[in-house]
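Structure assessment
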Amino acid sequence: LTSIYNGLVFMENTEDRVALARKIKQVAIKMLARREHSLKELELKLTKKGYLNIMVMQILEELQQEGLQSDERFAESYVRSKREQGMGPYRIRAELLRRGVSQIVIDKHLAEADTAWFEAAQDVRNKRFGDEMPGVKKECLKQMQFLQYRGFTKDHIRHVFDKVGLEVEHFE
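Residues numbered from 1 in each chain as written. Predicted model: local features only at pLDDT ≥ 70, side-chain atom pairs only at ≥ 80, totals over all residues. Heavy atoms only, no water.

Our focus in this paragraph is the packing of aromatic side chains. Tallying each qualifying case throughout the model produces two aromatic pairs. When the ring of F74 is compared with that of Y78, the centres are 5.6 Å apart and the planes differ by 35 degrees; the resulting orientation is tilted. With a gap of four residues between them, F74 and Y78 both fall in helix α4 (residues 71-84), about one helical turn apart. Judged by its relative accessible area of 2%, F74 falls in the buried class. Aromatic side chains F129 and F146 sit 5.4 Å apart centroid to centroid with 90 degrees between the ring planes, which places their arrangement in the edge-to-face category. Residue F129 is found in helix α7 (residues 116-129), and its partner F146 is found in helix α8 (residues 137-149); the two are separated by 17 residues along the sequence. Over the ring of W117 we find R83, and its NZ or CZ is 5.9 Å from the ring centre. When the ring centre of F146 is taken as origin, the NZ or CZ atom of R128, which lies over that ring, is 5.3 Å away. (Phe/Tyr/Trp six-rings, centres within 6.5 Å; stacked < 30°, edge-to-face > 60°. Helix = DSSP H or I, 4+ residues; strand = E, 2+ residues; numbered from the N terminus. Buried < 20%, exposed > 50% of the residue type's maximum accessible area, 1.4 Å probe, protein only. Lys NZ or Arg CZ within 6 Å of the ring centre and 35° of its normal.)

Okay, here's the thing in structure tokens:
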């Protein structure tokens, strides 16, 4: 039996609450088995399925305490995956913030990959435009904009185009 008071649903039967909590936990674990999720992602997905937010948050807290959900692991996995897909640190940072990961966790995992960003920017440019560097300023600017869109910093872009002799400062 359930009752509604001020828009909140109360389950009068303890067995019903336990069964619902177990169901929410099973659904969350299935989601985590497919891939890592941020806490915010799980909360949104579970509440979208119609589960009560207060119960969802209690279950998610349990999952964190049990080590089954971790924003640290999610951020590490996400940074690695997106870097391999050719995204730069600015874009990855924005995506992680949108997914509710804390700034401290994001900074930590982006910094761990710090030296790889220069090589990643070069690889992304080469994959899209080929190994030969452009000789025309207009083409250089087009390629710089592409790298900027992918989320690479000015330093990363400068590193890629130093060989051509075009100053990145001209690119704003």
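One finds I92, L96, L147, F152 and F161 to be the most contacted residues of the largest nonpolar core, which totals 25 residues. Every element with two or more residues in this core is listed here: α4, α5 (89-98), α6 (103-112), α7, α8 and α9 (154-161). Those residues in contact with I92, other than ones at most four positions away along the chain, are Y78, V79, K82, R83, M87, L110 and W117. Of all hydrophobic cores here, the second largest spans 15 residues; its members include A28, M31, L39 and L63. (Core = buried A, V, L, I, M, F, W, Y, C linked by side-chain atoms within 4.5 Å. Contact = heavy atoms within 4.5 Å.)

Here we come to a positive patch on the surface. The grouping of K23, K30, R34, K45 and K49 at the surface amounts to a positive patch. Broken down by element, the residue count for the positive patch peaks at three residues, all from helix α1 (residues 14-34). Note that K30 resides in helix α1. (Patch = residues over 30% accessible without salt bridge, like charges linked within 9 Å, V, L, I, M, F, W, Y side chains within 5 Å. Areas by Shrake-Rupley, 256 points an atom, 1.4 Å probe, with all protein chains shown as cover. Salt bridge = Lys/Arg side-chain N within 4 Å of Asp/Glu carboxyl O. Lys, Arg positive; Asp, Glu negative; His and termini not counted. Charge placed at Lys NZ, Arg CZ, Asp CG, Glu CD.)

Below, the discussion takes up the pattern of salt bridges. Inspection of every chain in the model, using the stated rule, returns 10 salt bridges. Of the charged contacts, one joins R93 and D107 as a salt bridge, the two residues approaching to 2.5 Å between their closest N and O atoms. Of this pair, R93 sits in helix α5 while D107 sits in helix α6; the two residues are 14 residues apart in sequence, bridging distant segments of the chain. R93 gets classed as partly exposed once you look at its relative accessible area, which sits at 24%. Assessed through its relative accessible area of 34%, D107 is described here as partly exposed. Taking the shortest distance from any N to any O, the salt bridge between R158 and D155 comes out at 2.7 Å. Of this pair, R158 and D155 are both found in helix α9, three residues apart, which corresponds to roughly one turn of the helix. Taking relative accessible area as the criterion, D155 reaches 45% and is therefore assigned partly exposed.

Now for the side chain of R125. Following the sequence through the fold, R125 ends up in helix α7. Despite its burial, R125 pairs with no opposite charge; the closest candidate is D131, at 5.8 Å N-O. Contact partners of R125, with chain neighbours within four places excluded, come to G130, D131, E132, M133, P134, Q143, L147, V160 and F161.

A separate point is the side chain of H37. By the element assignment, H37 lies in the loop between α1 and α2 (39-48). Reaching out from H37, the side chain makes a polar contact with the backbone oxygen of M31 at a distance of 3.4 Å. A polar contact of 2.9 Å, which involves the side chain of H37, links it to the side chain of K45. (Polar contact = N/O pair within 3.5 Å; in protein donor to acceptor, adjacent residues only side chain to side chain.)

Remember that the coordinates give geometry; whether it matters functionally is a separate question.
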